[in-house]
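Descriptive analysis of the structure
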Amino acid sequence: MTGGGALLGSVRTALGAGADEVDLVQTAARVAWSTIAEPGDAVAGEVVAALGPERALGAVLEAADAGDLGDLVGHCVESGVSGAEDVIAFGAVLRAAVERWTPRLGRSDVGDVLAAAQAVGAGLLAPGTAQWPDAVDDLGPHAPLVLWTRSVPTQARPGLAVVGSRANTVAGAQAAAEIASLAADAGCAIISGGAYGIDAVAHRVAVAAGAPTTAVLAGGIDQLYPAGNVDLLRNVARQGALLAESPPGTRPTRWRFLARNRLIAALGAATVVVEAGARSGALNTAHHAGQLGRPVFAVPGAFSSSASVGCHRLVAQGRAQIVVHPRDPVDAAVASGAPFAAGRRDEPLAGARHDPEVLRVLDALGRRAMAEHEVAGRSGMSLAEVADALALAQLQGLVVQTSGGWSRA
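To start, this report covers the structure provided alongside it. Please read all numbers here as calculations on a predicted model, not as lab measurements.

This paragraph deals with the sheet that holds strand 5 (residues 213-216). Strand order in the open sheet made by the nine strands is 1-2-6-5-4-3-7-8-9, with mixed pairing throughout. Every interior strand has two partners, whereas the edge strands, strand 1 (123-125) and strand 9 (321-322), have only one. Judged from the three bridges that link them, strand 5 and strand 6 (residues 241-244) form a sheet pairing that is parallel. For Val216, the partnering residue across the bridge sits in strand 6 and is Leu243. The strands that helix 11 (residues 254-267) touches are strand 2 (147-150), strand 3 (159-163), strand 4 (189-192), strand 5, strand 6 and strand 7 (270-273); relative to strand 5, the one it contacts most, it runs at about 160 degrees.

With that settled, consider the pattern of salt bridges. Considering all chains together, one arrives at ten salt bridges under this definition. Across the pair Glu372 and Arg100 runs a salt bridge whose closest N-O atoms are separated by 3.5 Å. Of this pair, Glu372 sits in helix 16 (residues 372-379) while Arg100 sits in helix 6 (residues 87-105), and the two are 272 residues apart along the sequence. What you see here is one network of salt bridges that share partners, running through Glu38, Arg104 and Arg256.

This brings us to helix 9 (residues 198-209). In a regular helix each residue adds 1.5 Å, so twelve residues correspond to 16 Å; helix 9 covers 17 Å between its end C-alpha atoms and thus fits that length. All buried positions along helix 9 are accounted for by Ile198, Asp199, Ala200, Val201, Ala202, His203, Val205 and Ala206. Contacts made by the buried residues of helix 9 are with strand 3, helix 8 (170-185), strand 4, strand 5, helix 10 (230-239) and helix 11.

If you look at the biggest cluster of nonpolar residues, it comprises 59 residues, and the most contacted ones within it are Trp33, Leu94, Trp101, Trp148 and Leu242. Among the elements that make up this core, the one with the highest residue count is helix 6 (seven residues). Ignoring sequence-local partners within four residues, the contact set of Leu94 consists of Val43, Val47, Leu69, Leu72, Val73 and Cys76. Grouped together as the second largest cluster of nonpolar side chains are 28 residues, Trp132, Leu147, Ile264 and Cys311 included.

A contiguous nonpolar patch, built from Val315, Ile322 and Val324 and spanning about 260 Å² of accessible area, is present on the exposed surface. Residue position: Val324 is located in the loop between strand 9 and helix 14 (328-335). Overall, Val324 belongs to the exposed group, its relative accessible area being 71%.

Right, let's talk about the environment of Ser151 for a bit. Tracing the sequence through the fold places Ser151 in the loop between strand 2 and strand 3. Residues Ser151 and Ala44, 107 residues apart in the sequence, show an inter-C-alpha distance of 27 Å. Among residues more than four places away in sequence, those in contact with Ser151 are Ala237, Gly240 and Ala241. Among the polar contacts listed, one links the side chain of Ser151 to the backbone oxygen of Gly240, at a separation of 2.7 Å.

Rules used throughout
- Residues numbered from 1 in each chain as written.
- Predicted model: local features only at pLDDT ≥ 70, side-chain atom pairs only at ≥ 80, totals over all residues.
- Heavy atoms only, no water.
- Pairing = 2+ DSSP bridges.
- Helix = DSSP H or I, 4+ residues; strand = E, 2+ residues; numbered from the N terminus.
- Contact = heavy atoms within 4.5 Å.
- Axes fitted to C-alpha atoms, helices over the stretch in contact; angles between N-to-C directions.
- Salt bridge = Lys/Arg side-chain N within 4 Å of Asp/Glu carboxyl O.
- Expected span 1.5 Å × (residues − 1).
- Buried < 20%, exposed > 50% of the residue type's maximum accessible area, 1.4 Å probe, protein only.
- Core = buried A, V, L, I, M, F, W, Y, C linked by side-chain atoms within 4.5 Å.
- Patch = residues over 30% accessible without salt bridge, like charges linked within 9 Å, V, L, I, M, F, W, Y side chains within 5 Å.
- Areas by Shrake-Rupley, 256 points an atom, 1.4 Å probe, with all protein chains shown as cover.
- Polar contact = N/O pair within 3.5 Å; in protein donor to acceptor, adjacent residues only side chain to side chain.

Okay, here's the thing in structure tokens:
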């Protein structure tokens, strides 16, 4: 894309101090990509990394206009995109990706996105700038293309991700408060999702202690959600940072809540699950932290407590260390100065299998990898439903996407 002077000026303003550290045209293309691809889209991540944001965007626009992916596939093969060596299989994966991107290609307006961010005083973070949180790069092709922020996350301190149930118990709130307080005393930044329950307790303790805290939003940076936590989130923005990868105006959805959990896990040097029911989203965060090689802890509760079932399963399955003392996860975060061992794979957590649409796509998948249209034919679901169900299943570690399509993990 070739940006006009006014557009590049808006990009420069949004980047602030980081504007001189990156190419403004490439950054504008990254912003465009963030409006086209959903968070964590691995195909978009691979293509952008290999071709560069501007060239990748131009190639996808040309392919969509012409209805022919030949040149786009050729560019990917030449640039060494992972899986592109099998041209036929890769072409099917890329075609499915272009089909899901196409409805948004004509609605991508970088200028409008930058204006919406400016209206709420939000800034832009891009890879290559000093303020970019390098920890998210461990997500590989699932890393965010850009991040929007109110204030800037603290990188000098180790981060402790504190997550748990929205419907917490009194005991859960007390445990979260004690852990967050010890983390603040130890010089940690508190990372969470700004939700009701355990998230809110962790943020409030950090604010009260004067410690930096970051809330990762599931929607746009202008969507302070839930409504009951607006004042809390504003306090977080004043003392720490709000982060979002979806462009301003994006409403939070179930899928985006799950997608943002990978960012919470990546930003935390360690993760502690304080309370979690059998299907709690906090288990999803723990799963991502485990895949990234981050230490994971779970707070035990009464065996009869439904709010602690997920924590107990994490410990029983060897996915998390039990919190014997509230300082255990804090010590792990402080001690984690060494590079993380990314790429470790864990067995998928129980929970997503209960989703009826995920069950249908899992049942449709056979021994060989399948394209999305084939999964749709076998499951009797629409392409859109299949794409959403596969994305949810991938986040839970139930399926993997390869050059040949989708298969069970």
